[in-house]
Amino acid sequence: MATDDTRSRVGEKFMKAALAEAKKAAEKSEVPVGAVIVSDGKIIARAHNVRTTQCDPTAHAEIMALRKAGKKLGHWNLEGAELYVTKEPCVMCAGAIVLSRIKRVVYGAFDRRFGCGGTVLNLTNNPTFNHRADTEGGVLECECAKLLTDFFKERRTPKSE
């Protein structure tokens, strides 16, 4: 059985992979959120936000990763898989996580306005649903939050001419 320290190091490794995806989003002027899905200790899907570039309000990192994982495995049921994402899932993503049967969600930055992984609502682990995903927040929180803060700060700073 894995110790808490081993689990923490593994979680950080996968969160760093999600952070790399978030940086790809930032390079495209997308909100920098990245996600990876892990099955049997291996990353099976990587994705980042592409809402703006795809003109698709559902193209969040989590949704894109869930789609890729389903295609890779050849079915929608992702039971046993884990999702690592740099920002706490919103209501749409939390619902998709529950419906996809993801076993566990690990996120970095808390979302105090829209977070549905325990901050505002707890949809990922709601006992009224037929499936729940264990949820843990705050893994590499500072790095994940800084990426988001820097992104929005840059957009709000007036450009000098």
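Placed above this text is the structure.
There is about 610 Å³ of room inside the largest pocket. What lines the largest pocket is a set of 23 residues, among which K87, D111, F114, L148 and F152 lie closest to the centre. With six residues, helix α5 (residues 141-156) is the single largest residue contributor to the lining of the largest pocket. Per-class residue counts for the lining of the largest pocket are eleven nonpolar, three polar and nine charged.

A separate point is the environment of I97. Following the sequence through the fold, I97 ends up in helix α4 (residues 91-100). By relative accessible area, I97 is classed as buried at 0%. I97 sits 16 residues away from A81 along the chain, and the two C-alpha atoms are 10 Å apart. Residues contacting I97, with those up to four places away along its chain left out, are L66, L83, P89, I102, V105, T124 and A133.

Overall, the coordinates contain three aromatic pairs when judged by the stated rule. Ring geometry for F14 against Y84: centres 5.2 Å apart, planes inclined by 45°, an arrangement best described as tilted. Placement of F14 in helix α1 (residues 4-27) and of Y84 in strand β3 (residues 82-87) is noted, with a sequence separation of 70 residues between them. Residue F14 shares its accessibility class with Y84, and that shared class is buried. Ring geometry for F151 and F152: centres 5.1 Å apart, planes at 85°, overall edge-to-face. In this structure, R155 is placed above the aromatic ring of F151, and the distance from its NZ or CZ to the ring centre is 3.6 Å.

Definitions and cut-offs
Residues numbered from 1 in each chain as written. Predicted model: local features only at pLDDT ≥ 70, side-chain atom pairs only at ≥ 80, totals over all residues. Heavy atoms only, no water. 1 Å grid on protein atoms, 1.4 Å probe; cavity = no way out; pocket = protein on both sides within 12 Å on 5 of 7 lines; lining within 4 Å. Points joined across faces, edges and corners; volume = space filled by probe spheres on them. Helix = DSSP H or I, 4+ residues; strand = E, 2+ residues; numbered from the N terminus. Nonpolar A, V, L, I, M, F, W, Y, C, P; charged D, E, K, R; others polar. Buried < 20%, exposed > 50% of the residue type's maximum accessible area, 1.4 Å probe, protein only. Contact = heavy atoms within 4.5 Å. Phe/Tyr/Trp six-rings, centres within 6.5 Å; stacked < 30°, edge-to-face > 60°. Lys NZ or Arg CZ within 6 Å of the ring centre and 35° of its normal.

Function-wise, these values are silent; they only describe arrangement.
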